[in-house]
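Spelled out from the first residue to the last, the chains are:
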Amino acid sequence: MTLNTSNKKTSVNPFPGSDEIVAEIRTLFGRLFPICRSLTGDGVRQTLEILKSICDFDINSVASGTEVFDWIVPEEWSIDDAYIADQNGSKIVSFKENNVHVVNYSTAIDAVLTFDQLRPHLHTLAELPSAIPYRTTYYKKDWGFCLSHDQLERMDKKAKYQVLISSSHKPGVLNYGEVLIPGHSGQEYLVSTYCCHPSLANDNLSGMVLWVFLLRWLKSIKTEHSYRFIIAPETIGAITYLSEKTEDMKNIDGGYVLSTVAGPGKFGYSHSFKKDHLIDKAAKLAMADCGVEYINYPFDISGSDERQFSTPGFRIPMGTISKDKYFEYDYYHTSLDNLDFIKPEYLSKSLILYMMTILNLERNKIYKSLNQYCEPMLGKRGLYPSIGGSQKQKVGARADFFEKQSNLNKAVTVTDEIEAMLSLMFYSDGEVSLIDIAEKTKLPMSVLDEKAKLLIKKDLLELVK
Ligand code: ZN
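Residues numbered from 1 in each chain as written. Predicted model: local features only at pLDDT ≥ 70, side-chain atom pairs only at ≥ 80, totals over all residues. Heavy atoms only, no water.

Asks: Give me the coordination of the zinc ion: which residues, what numbers.
Replies: Every protein donor of the zinc ion is listed here as H197 (NE2), D203 (OD) and H333 (NE2), and their distances to the metal cover 2.1 Å. Between consecutive donor residues of the zinc ion, the sequence gaps follow H-x5-D-x129-H. Here D203 is found in helix α5 (residues 201-219), whereas its partner H333 is found in the loop between β16 (318-323) and α10 (344-363), with 130 residues between them in sequence. As far as the burial class goes, D203 and H333 line up, both buried. (Donors = N, O, S within 2.8 Å, 3.2 Å for Na, K, Ca; no water. Helix = DSSP H or I, 4+ residues; strand = E, 2+ residues; numbered from the N terminus. Buried < 20%, exposed > 50% of the residue type's maximum accessible area, 1.4 Å probe, protein only.)

Asks: Run through the packing of helix α12 (residues 434-441) against helix α13 (residues 445-457), naming residues and quoting values.
Replies: For the pair α12 and α13, interaxial distance at closest approach is 10 Å and the crossing angle is 125 degrees. Taken together, the axes of α12 and α13 are oblique relative to one another. Note that α12 runs across α13; the crossing there is right-handed. Counting all contacts with α12, which are made through L434, I435, I437, A438 and T441, the residues of α13 involved are M445, L448 and D449. Taken together, the residues that form the contact of α12 with α13 break down as six nonpolar, one polar and one charged. (Axes fitted to C-alpha atoms, helices over the stretch in contact; angles between N-to-C directions. Parallel < 35°, antiparallel > 145°, perpendicular 65-115°, else oblique. Left-handed = near helix turned anticlockwise from the far one by under 90°. Contact = heavy atoms within 4.5 Å. Nonpolar A, V, L, I, M, F, W, Y, C, P; charged D, E, K, R; others polar.)

Asks: Help me get a handle on the sheet that holds strand β9 (residues 160-170), residues and values and all.
Replies: In a beta sheet, neighbouring strands pair by backbone hydrogen bonds and run either parallel or antiparallel. Across the sheet, which stays open at both edges, the four strands sit in the order β5-β4-β9-β6 with antiparallel pairing between neighbours. The open sheet has two edge strands with one neighbour each: β5 (91-94) and β6 (109-114). Adjacent strand axes in the sheet meet at a mean angle of 20 degrees, parallel and antiparallel pairs treated alike. Both strand β4 (residues 76-85) and β5 contribute to a ladder of three bridges, which runs antiparallel. Note on β5: the bridge partner recorded for Y83 is S94. (Pairing = 2+ DSSP bridges.)

Asks: An account of the sheet that holds strand β15 (residues 294-297) is needed here, citing residue identities and associated values.
Replies: If you trace the eight strands from one edge of the open sheet to the other, you get β1-β10-β12-β11-β13-β16-β14-β15, paired in mixed fashion. The sheet is open, and its two edges are formed by β1 (58-63) and β15, each paired on a single side. For this sheet the average axis-to-axis angle between neighbouring strands, irrespective of direction, equals 20 degrees. Here strand β14 (residues 267-270) runs beside β16; their pairing, made up of four bridges, is antiparallel. Each bridged residue has a counterpart across the sheet, and for G268 the counterpart in β16 is S322. Contacts between helix α2 (residues 42-54) and the sheet are confined to β1, β10 (173-181) and β12 (226-232), with β10 contributing the most and set at about 20 degrees to the helix. Its contacts with the sheet put helix α8 (residues 278-289) on β11 (188-194), β13 (254-258), β14, β15 and β16, and the angle it makes with β14 is roughly 165 degrees.

Asks: Tell me about the state of the cysteines, and name the residues and values.
Replies: Taken as a whole and judged by the stated rule, the model has zero disulfides. In this structure C36 is a free cysteine whose sulfur lies 11 Å from that of C196, the closest cysteine sulfur available. With a relative accessible area of 21%, C36 lands in the partly exposed category. With no disulfide of its own, C196 lies closest to C195 among cysteine sulfurs, the gap being 6.4 Å. (Disulfide = S-S within 2.5 Å.)

Asks: Residues and numbers for the packing of aromatic side chains, please.
Replies: In this description, a pair of aromatic rings is defined by centroid distance and the angle of the planes. Under the criterion given, the structure shown has 18 aromatic pairs. Their ring planes at 85 degrees and their centres at 5.1 Å tell us that F57 and W211 sit as a pair that is edge-to-face. With a gap of 154 residues between them, F57 in the loop between α2 and β1 and W211 in helix α5 connect regions that are remote in the sequence. Each of the two residues, F57 as well as W211, counts as buried. Connected via pairs of aromatic rings, a cluster forms that spans Y326, F327, Y329, Y331, Y332 and F341. Lying across the ring of F267, K323 places its NZ or CZ 5.4 Å from the centre. (Phe/Tyr/Trp six-rings, centres within 6.5 Å; stacked < 30°, edge-to-face > 60°. Lys NZ or Arg CZ within 6 Å of the ring centre and 35° of its normal.)

Shown next as structure tokens:
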């Protein structure tokens, strides 16, 4: 009996949990975090170029003013500097210190204002007084500053302030990145993330970095299905993409929105609107196979870009594996969601879960038993351990990619292997899929997949589709 459960075709170098990849993730965090991103403009372009240096994809553009369904592609926003200075000329709030200080997409201003005139334009979070909140004014011409509540308290309420925002809004383009990895099964899955948040780490520097590493891995293997990778500003970018590629999107079977994957908190799974779709099952089995405890989140129409992908015209089921999900952590949309909050090691675990999820989709075949009357005799085919007592022994990693992640590791026993073969023979009636068998038996997809191939070699199973 072959006891090797690893799938050679899918091995990737460097190993996703290895020190090399963690170091690569850390470097990319450092390069991308400081960039001031928005819906449009140089920040998004720089970000896409840096990601492209890790793995190639196309960068496309759509002109400002283009109608995209019920929306219009906005103008490009540029910003050079912004600050609030006190009467001594010392900058008490400075964009150059932290780009979250400016309400994203603010109009320009250069004025001396009293505190009372300035106050309606200042945003703070009293409940987290040391944090600068992240705010935007995309669809209303306005300007503002975000600062910590502590900073606000220290301001002299009788004083005047020099207020400068050196920004402009000009016709330009909205950029997005995309690449299609072609398969031959006729099934296509979408992997999407968003690139519009400025210096915020878990939301969504982490999603962008995971996106590019997942893309690089997927390009290194031969896939059965097609995978469409999209990176665009949240909401308007997804709407623009859907408007440009409406017909292409109608063939998509499902997908994942990559967001908030590197926080210190719990893993989570946000279900698709279908709740129990194949993409939900694939992700949940990956997490179970890796021994990960996670929070189940129901579908939420106020989530991320599934809000667009799953609307009636498209109805693409989209799920999300997260580690410290957006909305749920205290530092969400604040300056404390920074590089001290996330860790490359956490991102590499989320990456592994997404890789396992995609492998589950890849392995999800339907088989039919060629031995329909009673169970087959495994022993006479050399498929059963001939010496008793070896059952329950560990024979290999339960999950290929978690071998080096000791805290996320489970072992496969000889009993599991026998159960996998008998379950395959029992359930494979030409209609039940491998994911359904994995759900029923709680056996890892990697083991079921390997045993199915073995049973085909022994003329006990045939592939239906
Ligand atoms: Zn966000």
